[in-house]
Amino acid sequence: MTQPTPIADIASAADLLQVYASGQRNFSSIILSEVDLSGADLKGADLSYADLSGSTLRQANLRGADLSYANLAEADLTGADLRGAMLIGTNLKTANLSGATLATADYDPEETHFPQGFDPVQQGLKRDR
């Protein structure tokens with residue numbers, strides 16, 4: 001089995017997608033702010049504690065991804081699939097969630113930060129506590 005690519009060696013959206021395609025799923029604490037991951041398939045990826053602020057994730061497949069404590073401030077998640085994702089403590093406060101599918105995603109009502117006016121219950125999210 002090949003050794004995983006160190007997070008520090010992943011410096012671009014292309015790097016991330018290449019490493020993901022090779023089978024690696026752990027990208028915890030990666031810093032990739034303001035990258036374009038439109039349409040990316042990152043299903044089941046561990047992006048906990050990641051900094052993806054200002055990134056474009058339009059139509060991205062983030063189904064079942066762990067985004068716990070990730071920074072997605074100013075991220076564009078228009079049309080993204082976040083079904084079953086872990087959103088515990090995630091900063092989505094200034095993210096664009098238009099058309100995003102969030103059904104069955106887990107969130108913490110005290111620690112997850114959503115945009116003003118966003119209703120997690122109406123969107124089908126599950127309270128983690």
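Sorry, what's going on with the overall build of the protein here?
Within the protein, the regular secondary structure consists of one helix and three strands. In the protein, the succession of helices and strands from N to C terminus is α-β-β-β. On C-alpha atoms alone, the protein measures out to a radius of gyration of 14 Å, which is about the 14 Å that the 2.2 N^0.38 rule sets for 129 residues. On the principal axes, the C-alpha backbone points of the protein span a range of 45 × 25 × 20 Å. Counting the 129 residues in the protein, one finds 44% classified as buried. Here the analysis covers contacts within the protein between residues at least 6 apart in sequence; of these, 4% occur between residues at least 24 apart. In the form shown here, the protein has an accessible surface area of approximately 6,600 Å², with 45% of it arising from carbon and sulfur atoms.

Help me understand the packing of aromatic side chains in this model?
We describe a pair of aromatic rings using the distance from one ring centre to the other and the angle between the two ring planes. Following the criterion strictly, the structure yields three aromatic pairs and no others. Residues Tyr 49 and Tyr 69 carry aromatic rings whose centres are separated by 5.3 Å and whose planes lie at 15° to one another, so their mutual orientation is stacked. Residue Tyr 49 is found in the loop between helix H1 (13–21) and strand S1 (86–87), and its partner Tyr 69 is found in the loop between H1 and S1; the two are separated by 20 residues along the sequence. On the basis of an interplanar angle of 70° and a centroid distance of 5.7 Å, the ring pair of Tyr 107 and Phe 114 is categorised as edge-to-face. Grouped by ring-pair contacts, the aromatic residues Tyr 107, Phe 114 and Phe 118 constitute a single cluster. Its guanidinium or amino end placed over the ring of Tyr 20, Arg 25 lies 3.6 Å from that ring's centre, counting from NZ or CZ.

So what exactly am I meant to see when it comes to the nonpolar core here?
One recurring pattern in soluble globular proteins is that nonpolar side chains are buried together. Counting residues in hydrophobic clusters, the biggest one holds 39 residues, and the most contacted among them are Phe 27, Leu 37, Leu 42, Leu 47, Leu 77 and Leu 87. The dominant element in this core, judged by the number of residues it contributes, is H1, at four residues. Among residues more than four places away in sequence, those in contact with Leu 77 are Leu 57, Leu 62, Leu 72, Leu 92, Ala 95, Asn 96, Leu 97, Ser 98 and Ala 100.

Conventions used here
Residues numbered from 1 in each chain as written. Predicted model: local features only at pLDDT ≥ 70, side-chain atom pairs only at ≥ 80, totals over all residues. Heavy atoms only, no water. Helix = DSSP H or I, 4+ residues; strand = E, 2+ residues; numbered from the N terminus. Rg over C-alpha atoms; globule rule 2.2 N^0.38 Å. Buried < 20%, exposed > 50% of the residue type's maximum accessible area, 1.4 Å probe, protein only. Contact = heavy atoms within 4.5 Å. Areas by Shrake-Rupley, 256 points an atom, 1.4 Å probe, with all protein chains shown as cover. Phe/Tyr/Trp six-rings, centres within 6.5 Å; stacked < 30°, edge-to-face > 60°. Lys NZ or Arg CZ within 6 Å of the ring centre and 35° of its normal. Core = buried A, V, L, I, M, F, W, Y, C linked by side-chain atoms within 4.5 Å.

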